[in-house]
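Analysis of the macromolecular model
Given next are the chains, with one letter for each unit.
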Amino acid sequence: MSLFILSFIMGIAGAGLIFIFRDKIGIYDIPNHRSSHQKAIPKGGGIGILLAFVFSCLILWIPFYFWIPSLFISLISLWGGDKHLLSPGQRLVFQFSCSLVFLIFYLFSIKAAFFSYFLCIPLSVFVVGTSNFYNFMDGIDGIAGITGGIGFSLLAFYSTLNGNYEPYGILSVVLACACFGFLCFNMPKAKVFLGDIGSILLGFTFACLIILLSDNIRDFLVMIGFLSTFYFDELFTMIIRIRSGDSLIVSHRKHIYQLLVNELSFSHCKIALTYGAIQLMVGITLISASSDLLYLLLSYGVYSIILIGAAIKIHKKVVVQ
């Protein structure tokens, strides 16, 4: 319990220090055409989450092949993303390298069969994709912290049900607590942003924990649903942009959550809480259906129809306006 409290405090302290020393640090998110904010906000508040993660990994004896690539990718994201010293292509090289290091060492540690190593490529795409999806979805106050707090809590709960709580379930609670601590400076009105150092870290570790906690494909399918709102919004937006002939590498603000805030004038807090509520509802449903693959797929089907219908309605409303 003391580790969880300490992680919560670290989440607060990291964001607080960035806010207090914002002018000396000088890393700001400057509003542009894709921003949902009107003034410059200091970023890098995810440093407290990173510290809580590394400290807990050392205490819990988490394997080096998980926490060292996570630490490295987070620091590279601070240097290359938050400080804009690396191009997107260069950052992708580092991200894929870190994911492959994790996957290869993990498969070696469990003495996986040789053919299992061929899964490194698709799994690496999953890890890097999740990392960047989390980063892209971190665009309004509260949404990244709420999603992280709920998502990692669901991972911990599901790992407990499966008897895999230690050490990765404990680490999931640590990350959830750090996310909730960070929220103290990020909502209802953001004083600090998470920054790439935090968002890339959360996406990377979330994907890696899914792999570490999955005993079979059913577990994997259940746990990816714990980040359902982020996956859905990003994938749906990508499809819409491809159909519109937009370049996927050009910055935009066409995510559903951005349309709701910028074009339909919903508050940041209301949308962040709505996304969290949907995420929690989907997660609980998938856990309840986890014993039967057919029910699990049926649950995905029902939620997909509902969310696609809602997303199309939002897009039509924006076009009409």
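Let us look at the structure shown here. Everything quoted here is computed from the prediction, not taken from an experiment.

A look at the overall build of the protein chain
Secondary structure summary: the protein chain contains 14 helices and two strands in total. Whereas a compact globule of 321 residues would reach a radius of gyration of roughly 20 Å, the protein chain reaches 19 Å, a difference of no more than 12%. Taken along its principal axes, the extent of the C-alpha atoms in the protein chain is 55 × 50 × 35 Å. Split into buried and exposed, the 321 residues of the protein chain put 54% on the buried side. The contacts in the protein chain between residues at least 6 apart in sequence include a share of 75% that link residues at least 24 apart. A total of about 14,900 Å² of accessible surface is found on the protein chain, and carbon and sulfur atoms cover 72% of it. Of the side-chain charges in the protein chain, 19 are positive and 14 negative, and the distance between the mean point of each set is 8 Å.

Regarding the layout of surface pockets
A volume near 440 Å³ is recorded for the second largest pocket. Looking at the second largest pocket, it is lined by 21 residues, and the ones nearest its centre are S228, Y231, F232, L235 and Y300. At the level of elements, α6 (120-137), α10 (217-224), α11 (228-243) and α14 (293-320) are the ones that each hand at least two residues to the lining of the second largest pocket. Looking at the lining of the second largest pocket residue by residue, the classes come out as 15 nonpolar, six polar and no charged.

What to know about the packing of helix α8 (residues 165-182) against helix α9 (residues 196-213)
It is the contact of α8 with α9, at a shortest axis distance of 11 Å, that shows an interaxial angle of 160°. Between α8 and α9, the angle falls in the class roughly antiparallel. Handedness of the α8/α9 crossing: left-handed. Contact residues: α8 offers Y168, L171, S172, L175 and C179, while α9 offers L202, T205, L209, L212 and L213. Grouping the amino acids of the contact of α8 with α9 by side-chain chemistry returns eight nonpolar, two polar and no charged.

Points about the side chain of S77
Tracing the chain through its elements places S77 in helix α4 (residues 64-82). A polar contact is formed between the side chain of S77 and the backbone oxygen of I73, at a distance of 2.7 Å.

Observations concerning α10
Within α10, six of the eight residues are buried, which leaves it mostly tucked inside the rest of the structure. Taken as a whole, α10 has its buried residues at D219, F220, L221, V222, M223 and I224. Measuring from the backbone nitrogen of R218 back to the side-chain oxygen at the start of α10 gives 3.1 Å, which picks out N216 as the cap.

Looking at the pattern of salt bridges
Scanning the entire structure with this criterion turns up two salt bridges. Salt-bridge contacts for E263 lead to R253; the nearest nitrogen and oxygen are separated by 3.8 Å. Linking E263 in helix α12 (residues 256-263) with R253 in the loop between α11 and α12, this pair joins segments that are ten residues apart in sequence. Judged by its relative accessible area of 30%, E263 falls in the partly exposed class.

Things to note about the packing of α9 against α10
Helix-helix packing: each pair is described by the crossing angle between the helix axes and the interaxial distance. Where α9 meets α10, the closest approach of the two axes is 9 Å, and the angle between their N-to-C directions is 155°. Relative to α10, the element α9 is oriented roughly antiparallel. Considering the relative orientation of α9 and α10, their crossing is right-handed. Residues F206, I210 and L213 of α9 touch α10, and the partners they reach there are D219, F220, M223 and I224.

Regarding a nonpolar patch on the surface
Among the surface-exposed residues, M1, I5, F8, I9 and F180 lie close enough to one another that they form a single nonpolar patch of about 500 Å² accessible area. According to the relative accessible area criterion, F180 is partly exposed, its value standing at 34%.

Points about the environment of A178
Mapped onto the secondary structure, A178 falls in helix α8. Look at A178 and you get buried, because its relative accessible area is 1%. Counting along the chain gives 173 residues from A178 to I5, while the straight-line C-alpha distance between them is 8.8 Å. Not counting residues within four places of it along the chain, the set of residues in contact with A178 comprises S7, F8, G11, I49 and A52.

Cut-off values and rules
Residues numbered from 1 in each chain as written. Predicted model: local features only at pLDDT ≥ 70, side-chain atom pairs only at ≥ 80, totals over all residues. Heavy atoms only, no water. Helix = DSSP H or I, 4+ residues; strand = E, 2+ residues; numbered from the N terminus. Rg over C-alpha atoms; globule rule 2.2 N^0.38 Å. Buried < 20%, exposed > 50% of the residue type's maximum accessible area, 1.4 Å probe, protein only. Contact = heavy atoms within 4.5 Å. Areas by Shrake-Rupley, 256 points an atom, 1.4 Å probe, with all protein chains shown as cover. Lys, Arg positive; Asp, Glu negative; His and termini not counted. Charge placed at Lys NZ, Arg CZ, Asp CG, Glu CD. 1 Å grid on protein atoms, 1.4 Å probe; cavity = no way out; pocket = protein on both sides within 12 Å on 5 of 7 lines; lining within 4 Å. Points joined across faces, edges and corners; volume = space filled by probe spheres on them. Nonpolar A, V, L, I, M, F, W, Y, C, P; charged D, E, K, R; others polar. Axes fitted to C-alpha atoms, helices over the stretch in contact; angles between N-to-C directions. Parallel < 35°, antiparallel > 145°, perpendicular 65-115°, else oblique. Left-handed = near helix turned anticlockwise from the far one by under 90°. Polar contact = N/O pair within 3.5 Å; in protein donor to acceptor, adjacent residues only side chain to side chain. Salt bridge = Lys/Arg side-chain N within 4 Å of Asp/Glu carboxyl O. Patch = residues over 30% accessible without salt bridge, like charges linked within 9 Å, V, L, I, M, F, W, Y side chains within 5 Å.

Shape is all these values report; function is a separate question.
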